[in-house]
Amino acid sequence: MAEETVISPDIKFIRELKETGGETLKKCYQCATCSVVCPISPDDRPFPRKEMVMAQWGMKEEIFSSPDIWTCHNCNDCSKYCPRGARPGDVLGALRQRFIKEAAVPGFMGNLVTEPKMTLVALAIPLLLFLVVLGVTGHLGIPEGRIVYSKLFPIRYIEVIFLSAVGLAGVAYLTSLSRFWNRLTRVNGRGYSKAFVPALVETITEFLKHSKFAKCEANRDRKNGHLLVFYGFVGLFITTLWITFYYYVPKIHSPIPLSDPMKWFGNLSALTLLTGSLIVIANRTKDKGINTRSSSFDWTFVIMVLLVCVTGILTELIRLAGIAALAYPMYLVHLTFVFYIIVYFPYSKLAHMGYRTLAIAYSKMTARDVEA
Ligand code: SF4
Ligand code: SF4
């Protein structure tokens, strides 16, 4: 006799999902067109139809224990061909957002960053922190003479604030990733094995080349914007290490001349990130005849990336123009956006990097991934 499975729909989860951008999920009548057209879906365990069914039933635990919502690259081929306008690509995006919120450590950070209505509060926290530190240490005010940002905000204060905040965020993120991995392996039945390391290397290689994006049909030009944003971030990370090296080893301090190779590299990385974010925004606003909609969670992150670039470029240009009364406040605003991007990363759209890496590596390890 067939085994009975009792399903208790999680009504709250369904309601939250609809509010998060998955409002079309009830339109799905399970024809499976989406799973057939998805270029990334494996034949033996296809998605996103099963996620649509599970989402309709509020089966949160089952969805969040599967690697498939992270394997999805949001190309929206499925939404293009869905005969019911159920927008499965957007529903999967909403599921990822809900997951990031639920997996947040500590939980209140999930509310703060994944809820776009809290964005101003999230930005006000670092700005107030900077102002309090500057006030307490007697640095609040426009310094006299040549514009040197460390006269306003000494490097040691920046290091203490950012290193401790990023360190805490890193521990929180690793905790969330480890819980996700335990959930994946516990429910799907295969834990860590020797196959993990080669699977991880293959996954990272695919990321570096963005080869899975090339499989998309409806939204193929997403690849270029995403690739530029990714390498822009990598470039700025290398620039930060480079500046730190300058500061502590040959003791070269700011302002560093524009002719220095580090400056060239940093400015090129910032322009790469700016171009990538503008391409992403242009793609999202362009009508491609696909029934899809970007969530406010996605928009918030792209706009933050754009603002970090714009304020960074303005910080440099205003300093070169010698307008101290504008340069120092702009520097503080820029640091606020930098804080948002690098300290809130476990709770923002950036969090997908770790979850997706683990999910795809797990899929490869268990032979359920398609070739890139
Ligand atoms: S989401 Fe659309 S294409 Fe996919 S099963 Fe439902 S109705 Fe069919
Ligand atoms: S958005 Fe693209 S990758 Fe994701 S399920 Fe749809 S077709 Fe597949």
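Criteria and thresholds
Residues numbered from 1 in each chain as written. Chains lettered and ligands numbered in written order. Predicted model: local features only at pLDDT ≥ 70, side-chain atom pairs only at ≥ 80, totals over all residues. Heavy atoms only, no water. Near = heavy atom within 4 Å. Nonpolar A, V, L, I, M, F, W, Y, C, P; charged D, E, K, R; others polar. Domains from an automatic or database assignment. Contact = heavy atoms within 4.5 Å. Buried area = accessible area lost by both parts, 1.4 Å probe. Salt bridge = Lys/Arg side-chain N within 4 Å of Asp/Glu carboxyl O. Polar contact = N/O pair within 3.5 Å; in protein donor to acceptor, adjacent residues only side chain to side chain. Helix = DSSP H or I, 4+ residues; strand = E, 2+ residues; numbered from the N terminus. Expected span 1.5 Å × (residues − 1). Buried < 20%, exposed > 50% of the residue type's maximum accessible area, 1.4 Å probe, protein only. Core = buried A, V, L, I, M, F, W, Y, C linked by side-chain atoms within 4.5 Å.

Asks: For this particular structure, what's the right way to read the site of ligand 2?
Replies: As a matter of local geometry, ligand 2 sits amid 13 residues, with C38, C72, C75, N76 and C78 nearest to it. Taken together, the residues that form the shell around ligand 2 break down as eight nonpolar, four polar and one charged.

Asks: Looking at this structure, how should I read the domain arrangement of the protein?
Replies: Where interface size is quoted, it is often the accessible area lost as the parts come together. In terms of domain boundaries, the protein breaks down into domain 1 (11–102) and domain 2 (107–365). Here domain 1 and domain 2 have C-alpha centroids that lie 27 Å from each other. Across the boundary between the two partners, domain 1 contributes 30 residues, which contact 35 residues of domain 2. Taken together, both faces of the contact between domain 1 and domain 2 bury some 3000 Å²; the carbon and sulfur share is 55%. Broken down residue by residue, the surface that domain 1 buries against domain 2 is led by W70, H73 and I100, which jointly contribute 24%. Inspection of the region where domain 1 meets domain 2 yields three salt bridges. Across the contact surface, domain 1 and domain 2 share eight residue pairs in polar contact (both at pLDDT 80 or more). In terms of residues, the side of domain 1 that touches domain 2 owes the most to one element, helix 7 (residues 88–103), which gives seven residues. Along the lines of polarity and charge, the residues of the side of domain 1 that touches domain 2 split into ten nonpolar, ten polar and ten charged.

Asks: Explanation requested: helix 14 (residues 261–285) in the structure shown.
Replies: The periodicity of an α-helix, 3.6 residues per turn, causes residues three or four places apart in sequence to face the same way. Taking 1.5 Å as the rise per residue, helix 14 with 25 residues should run 36 Å; its terminal C-alpha atoms sit 36 Å apart, in good agreement. All of the buried residues in helix 14 are M262, K263, G266, S269, A270, L273, L274, G276, S277, V280, I281 and N283. The secondary structure elements touched by the buried residues of helix 14 are helix 13 (222–248) and helix 15 (296–321). Structurally, the start of helix 14 carries an N-cap: the backbone nitrogen of M262 is 2.8 Å from a side-chain oxygen of D260.

Asks: Just to check I follow, could you spell out helix 17 (residues 352–365) for this structure?
Replies: If you check helix 17, its first and last C-alpha atoms are 19 Å apart, about what 14 residues at 1.5 Å a residue would give, namely 20 Å. Where burial is concerned, most of helix 17 is hidden: 13 out of the 14 residues are buried. Phi for A367, located one or two positions after helix 17, is positive at around 55°.

Asks: Sorry, what's going on with the environment of K349 here?
Replies: Note on placement: K349 falls in the loop between helix 16 (324–343) and helix 17. Remark: the alpha-carbon pair of K349 and L326, spanning 23 residues in sequence, is separated by 31 Å. Those residues in contact with K349 that lie beyond four places of it in its chain are F297, D298 and F301.

Asks: When you look at the site of ligand 1 in this model, what are you seeing that I'm missing?
Replies: Of all residues adjacent to ligand 1, which total 14 residues, the nearest are C28, C31, A32, C34 and C82. Within the residue set of the shell around ligand 1, elements represented by two or more residues are helix 2 (33–37) and helix 3 (49–56). Split into classes, the residues belonging to the shell around ligand 1 amount to ten nonpolar, two polar and two charged.

Asks: In this structure, what is going on with the nonpolar core? I would like to understand it.
Replies: It is characteristic of soluble globular proteins that their nonpolar side chains tend to be buried jointly. Ranked by internal contacts, the top residues of the largest apolar core, which has 90 residues, are F153, Y344 and Y355. In this structure F153 touches F130, V133, L134, I158, I161, Y331, L332 and L335, once residues within four positions along its chain are discounted.

Asks: Looking at this model, I keep getting lost on the pattern of salt bridges. Mind explaining?
Replies: Note that side chains of opposite charge can pair when their charged atoms are close. Inspection of the entire model under this criterion finds 18 salt bridges. Residue D68 pairs with K50 through a salt bridge whose shortest N-O separation is 2.5 Å. With D68 in helix 5 (residues 68–71) and K50 in helix 3, the pair connects residues that are 18 residues apart, well separated along the chain. The class of D68 is buried, set by a relative accessible area of 2%. Among the residues examined, K50 registers a relative accessible area of 17% and is labelled buried.

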